[in-house]
Amino acid sequence: MPRHVLSGNAAARGSALGRARVRLPHVLNVEEARIAPEDVETELQRIHDAVDTVRAEMHILRERLHGALAHEVGEFLDLHALLLDDPELLQGIDALIRTGRYSADYALRLQRDRIAAVFDGIDDAYLRSRIDDIDQVIGRLHAALHRREADLQGVAGEILVTDNISPAELAQLQVQGVMGVVTANGSALSHSAILARSLHLPLVVGAAAALQKVNDGDVLVIDGSSGLVVLEPNAADLREHHARTSNARREQRQLNRLRREPSRTLDGVDIKLWANAESREDVAEAHALGSAGVGLYRTEYLFINNNEIPDEDTQFRAYRDVVLGMTGRTVTIRTLDVGADKADNTGLALRNEPNPALGLRGVRLSLSRPGLMHTQLRAIVRASGYGPVRILVPMISGAEEMFAVRDMLRAAMHEVARDGSEMAEKIPLGAMIEVPSAALSLPMFIGACDFLSIGTNDLVQYLLAADRNNDALGDLYTPLHPALLRLLRDVVRIANRRGRPVAVCGEIAGDAMFTPMLLALGLSELSLHPATLLEVRRAIRGCDLASLRAHAPALLRARDRAGIERWLAAHTPA
Ligand code: PEP
Ligand code: MG
């Protein structure tokens, strides 16, 4: 095979060299096969054993997950476990074996095709794309039927070439030592892409010709920064790959030198870097990297990961542990934000909401369940006896909600004080600014806020009417939009005028590419996952704040994404 270059989209940077492992789409190529009546029970037993095997496999995988992204990946595994237990799936297969006298393999395929036909008819692109999850579960079942390992085993040192990849698979692949992944479909904004970046696993997506061109065992070099995939690389390609990897190692060494350095601009202004942290590992890393504290602790994962509503003591212990882990640095605990894409199995979020992103999520859900909110606030107030705590409220859309939460906090503090528990005298209460109406009506309720945190992940989604989880929208979901920049500037202005600290805690805070833009817009606090804290610190250290702010008007005059990108290119430190 001669050298050949395929191009895809850069999704997670890093250069990888390895043998290709091609995984064809999970469509089962199974011939129709009928069985004799006396074999029905054997085939039923085979499929039931396969289900048990897959369930056990997923349980082991779930147990092995740890670290920063365990909860996100865990959610996907939970979804797959739910699909596996879905009576529709299994009863359908059983019926096909029993009455249709099909082999277990063929019944599996028929049932898959039936479900796929239903998905095909859905006119919501995101929901339609969930057929991938069904296919992944079916693929695992098929492998188990033949007592094969699920088809991603033994990929150490290889580069996986596939149609698509789920976050759960990605995490599994990384544990197994895969070098990189190329997908024919998918977008750089997907959860898998976000996860690959956090895992530092090179990923190229949308390399449409990959499955036709690449064969098992071909040698590949992939570059997750340019999106290029080189098949059977020549000497120059190999040299470039080696140069890229040694640059990356040098860069990591340089970054590590910043572990104890301040996040200070060239003109001597300290930028406060908080951490988005939930797990023990995140908290320890946030502490070691010298973050100002925890700027976002998403409590919903305590609920989602355990599939039940934790009682006050369970919550108290979890919050207290984070507070203790930060040894006197402030911990910002966000009240429950289940609902929409953070669906749970606790029964809290409504099922089948017609438009869950606009439904009963975040503070709306909490206020509709005052007992739940009260318990959570009591647990946080009790944790404040162990170190400084702030409370952050998600999905605030206007003044009433903020005033209502303030009243509830007052009541909870009163009660905990009456119980005689140790607690802070004052607990700052802040609003997430992630709904456009909150940003626009901020002057009406900023008096009730001690601080603000801008959730750009949702703010972009609601401002641009672009679903944050819908890969089909491509570039439509972007923080590089003049409307977002103007809103950010206004929120920061109002907060500064009223002397309220304001941070950005969405994904863009953790991407060094956006740092000059955020600083220019007046931000001086960012909250981000510890995985990228050093990169953002380095970016800050390369910025001249006064000069960036002097150039903010030009940024705000940019008409479109291209204009903003040009501004960024001109103001990104070398
Ligand atoms: C956000 O919306 O930017 C945010 C930080 O909250 P989450 O991602 O948890 O919705
Ligand atoms: Mg949000």
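Each remark here, short or long, concerns the structure printed above.
To keep things clear, this report deals only with the structure shown in the data block. Being a predicted model, the structure only gives us computed values, none of them experimental.

## Digging into the coordination of the magnesium ion (ligand 2)
Okay, so step 1: Coordination of the magnesium ion (ligand 2) by the protein comes from Glu434 (OE) and Asp458 (OD), over a distance range of 2.1 Å. Taken together, the positions of Glu434 in the loop between β13 (429–433) and α17 (436–440) and Asp458 in helix α19 (residues 456–464) put the pair 24 residues apart, joining distant regions of the chain.
Okay, so step 2: Glu434 sits in the buried class, given a relative accessible area of 2%.
Okay, so step 3: For Asp458, a relative accessible area of 2% puts it in the buried group.

## Brief notes about helix α13 (residues 312–325)
Okay, so step 1: End to end, α13 covers 20 Å across 14 residues, agreeing with the expected 20 Å (1.5 Å per residue, within 8%).
Okay, so step 2: When α13 is considered as a whole, its buried residues turn out to be Glu312, Gln315, Phe316, Ala318, Tyr319, Val322 and Val323. All buried residues of α13 project into a common sector of 165° when viewed along the axis, lining one side.
Okay, so step 3: Lining the buried residues of α13 we find α11 (280–288), β10 (293–298), α12 (300–304), β11 (330–334), α15 (370–383) and β12 (389–393).
Okay, so step 4: Directly after α13, the chain includes Thr327, whose backbone phi takes a positive value near 40°.

## What about the packing of aromatic side chains?
Okay, so step 1: Under the counting rule described, the total for this entry stands at three aromatic pairs.
Okay, so step 2: A ring pair is formed by Tyr102 and Tyr106, whose centres lie 5.3 Å apart and whose planes are at 55°; its orientation type is tilted.
Okay, so step 3: In this structure Tyr106 comes out as buried when scored by relative accessible area, which is 11%.
Okay, so step 4: Cation over ring: Arg382 sits above Phe316, and NZ or CZ is 4.1 Å from the ring centre.

## With respect to the nonpolar core
Okay, so step 1: In this structure, Tyr319, Met402, Ile433, Phe445, Leu452, Ile454 and Met517 are the most contacted members of the largest nonpolar core, which totals 102 residues.
Okay, so step 2: Those residues in contact with Ile454 that lie beyond four places of it in its chain are Ile433, Leu459, Leu488, Val491, Val502, Ala503, Val504, Cys505, Gly506 and Leu523.
Okay, so step 3: Val54, Met58, Leu89 and Phe119 belong to the second-largest nonpolar core, a separate cluster that totals 31 residues.

## What to know about the environment of Gln315
Okay, so step 1: In this structure, Gln315 sits in helix α13.
Okay, so step 2: A relative accessible area of 1% means that Gln315 is categorised as buried.
Okay, so step 3: The residues touching Gln315, leaving out its near neighbours within four places in the chain, are Leu302, Phe303, Pro310, Thr375, Gln376 and Ala379.
Okay, so step 4: Of the polar contacts made by the side chain of Gln315, one reaches the side chain of Tyr319; its length is 2.6 Å.

## What about the packing of α13 against α15?
Okay, so step 1: With their axes 8 Å apart at the nearest point, α13 and α15 run at an angle of 40° to one another. With respect to α15, the element α13 is oriented oblique. You can see that α13 and α15 cross each other, and the crossing is right-handed. Counted together, Glu312, Asp313, Gln315, Phe316, Tyr319, Arg320 and Val323 of α13 and Thr375, Gln376, Arg378, Ala379, Ile380, Arg382 and Ala383 of α15 form the full contact between these two elements.
Okay, so step 2: Looking at the contact of α13 with α15, its residues break down into six nonpolar, three polar and five charged.

## Some points on unusual backbone geometry
Okay, so step 1: Backbone geometry at Glu232 places phi at a positive 50°, although glycine is not the residue there.
Okay, so step 2: Its place among the elements puts Glu232 in the loop between β8 (228–231) and α10 (235–256).
Okay, so step 3: In the Ramachandran plot, Thr327 falls in the positive-phi region, its phi being about 40° despite a non-glycine side chain.
Okay, so step 4: Its relative accessible area of 54% is what places Thr327 among the exposed residues.

## Some thoughts on the packing of helix α4 (residues 104–120) against helix α6 (residues 131–145)
When two helices pack together, you describe them by how their axes are tilted relative to each other and by the distance separating the axes.
Okay, so step 1: The N-to-C vectors of α4 and α6 enclose an angle of 180°; their axes lie 11 Å apart at closest approach. On the basis of their axis angle, the class for α4 and α6 is roughly antiparallel. Contacts between α4 and α6 involve Ala104, Asp105, Leu108, Arg112, Ile115, Ala116 and Phe119 on the former and, on the latter, Ile131, Ile134, Asp135, Ile138, Leu141, His142 and Leu145.

Scoring rules and cut-offs
- Residues numbered from 1 in each chain as written.
- Chains lettered and ligands numbered in written order.
- Predicted model: local features only at pLDDT ≥ 70, side-chain atom pairs only at ≥ 80, totals over all residues.
- Heavy atoms only, no water.
- Donors = N, O, S within 2.8 Å, 3.2 Å for Na, K, Ca; no water.
- Helix = DSSP H or I, 4+ residues; strand = E, 2+ residues; numbered from the N terminus.
- Buried < 20%, exposed > 50% of the residue type's maximum accessible area, 1.4 Å probe, protein only.
- Expected span 1.5 Å × (residues − 1).
- Arc of directions from axis to C-beta.
- Contact = heavy atoms within 4.5 Å.
- Phe/Tyr/Trp six-rings, centres within 6.5 Å; stacked < 30°, edge-to-face > 60°.
- Lys NZ or Arg CZ within 6 Å of the ring centre and 35° of its normal.
- Core = buried A, V, L, I, M, F, W, Y, C linked by side-chain atoms within 4.5 Å.
- Polar contact = N/O pair within 3.5 Å; in protein donor to acceptor, adjacent residues only side chain to side chain.
- Axes fitted to C-alpha atoms, helices over the stretch in contact; angles between N-to-C directions.
- Parallel < 35°, antiparallel > 145°, perpendicular 65-115°, else oblique.
- Left-handed = near helix turned anticlockwise from the far one by under 90°.
- Nonpolar A, V, L, I, M, F, W, Y, C, P; charged D, E, K, R; others polar.

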